[in-house]
Amino acid sequence: MTPPKMNYEYKNNSRNTTMAQNVYLTHRTLSLKQARTIIDAALAHAETHELNPLTVTVMDTSGCPISSDRADGCAVMRLAVAHGKAKAALGYGVSSGTIGERNQERPAFLSAVASASGGEFIPVAGGVLILDEQDQVIGAVGVSGDSSVNDERAAIAGIEAAELRVGIAP
């Protein structure tokens, strides 16, 4: 039995295009290439400094991942933690560690925000904002796998390797 013939019609510069070709592109604040540079540099930082295996995620301003990687040997829950750190930073406009520090005396508040976010809010160091040259947020990096301080250092190393600005706190 012969499979049915598929009719793929691609016409350049024509109004007669498929739905997938007839869409507006979203505004890109951070490219996949920049995200990969950040991730690769953060993982290299971890290896150079003999840190535990890390998971690194880079998100755009909407909180959607652009790219993520988990080093060999890194525990599987580290991706969720890295996402939660990056989303915490994006949600409050400061690093995830800064959120935790500023709210140490307010554990009920932190718990409520974590609950309201469906668990995607982790206010410990390792989530760092990525800024453009005007100090506007263009994304965030979340890192998990070692101590929170080392996670944050790896995130900073990644951002700096991409020649972007680090957002801890204004």
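Now for a look at the structure at hand. In this text, all values refer to a predicted model and were calculated from it rather than measured experimentally.

**Let's talk about the overall build of the protein**
Line of reasoning, step 1. Secondary structure assignment for the protein yields five helices and five strands.
Line of reasoning, step 2. The order of helices and strands in the protein, counted from the N terminus, is α-β-β-α-α-α-β-β-α-β.
Line of reasoning, step 3. Counting across all 170 residues of the protein, residues that qualify as buried make up 39%.
Line of reasoning, step 4. A separation threshold of at least 6 residues defines the contact pool for the protein, and within that pool the share at least 24 residues apart is 64%.

**Let's talk about helix α1 (residues 32-48)**
Line of reasoning, step 1. In a regular helix each residue adds 1.5 Å, so 17 residues correspond to 24 Å; α1 covers 24 Å between its end C-alpha atoms and thus fits that length.
Line of reasoning, step 2. Where α1 is buried, its residues touch β1 (55-59), β2 (65-70), β3 (127-131), β4 (137-144) and α5 (148-161).
Line of reasoning, step 3. Immediately beyond the C-terminal end of α1, within one or two residues, lies Glu50, with a positive phi of roughly 55°.

**Focus: unusual backbone geometry**
In terms of backbone geometry, most residues other than glycine have negative phi values and most peptide bonds are trans.
Line of reasoning, step 1. The backbone of Glu50 shows a phi angle near 55°, a positive value even though the residue is not glycine.
Line of reasoning, step 2. Judged by relative accessible area, Glu50 falls into the exposed class, the value being 75%.
Line of reasoning, step 3. A positive phi angle, near 60°, is found at Glu163, a position not held by glycine.
Line of reasoning, step 4. With respect to the element layout, Glu163 can be found in the loop between α5 and β5 (165-167).

**As for the pattern of salt bridges**
Line of reasoning, step 1. Counted under the stated rule, the structure contains five salt bridges.
Line of reasoning, step 2. Note that Arg36 and Asp69 form a salt bridge whose closest N and O atoms lie 2.6 Å from each other. Highlighted residues: Arg36 in helix α1 and Asp69 in strand β2, separated in sequence by 33 residues.
Line of reasoning, step 3. Taking the relative accessible area as the measure of exposure, Arg36 reaches 25% and is therefore partly exposed.
Line of reasoning, step 4. The network of salt bridges with shared partners includes Arg36, Asp40 and Asp69.

**Observations regarding the environment of Asp151**
Line of reasoning, step 1. Here Asp151 shows up in helix α5.
Line of reasoning, step 2. Overall, the relative accessible area of 1% leaves Asp151 in the buried class.
Line of reasoning, step 3. Along the backbone, Asp151 and Ala42 are 109 residues apart, and their C-alpha atoms lie at a distance of 8.8 Å.

So, how was this worked out
Residues numbered from 1 in each chain as written. Predicted model: local features only at pLDDT ≥ 70, side-chain atom pairs only at ≥ 80, totals over all residues. Heavy atoms only, no water. Helix = DSSP H or I, 4+ residues; strand = E, 2+ residues; numbered from the N terminus. Buried < 20%, exposed > 50% of the residue type's maximum accessible area, 1.4 Å probe, protein only. Contact = heavy atoms within 4.5 Å. Expected span 1.5 Å × (residues − 1). Salt bridge = Lys/Arg side-chain N within 4 Å of Asp/Glu carboxyl O.

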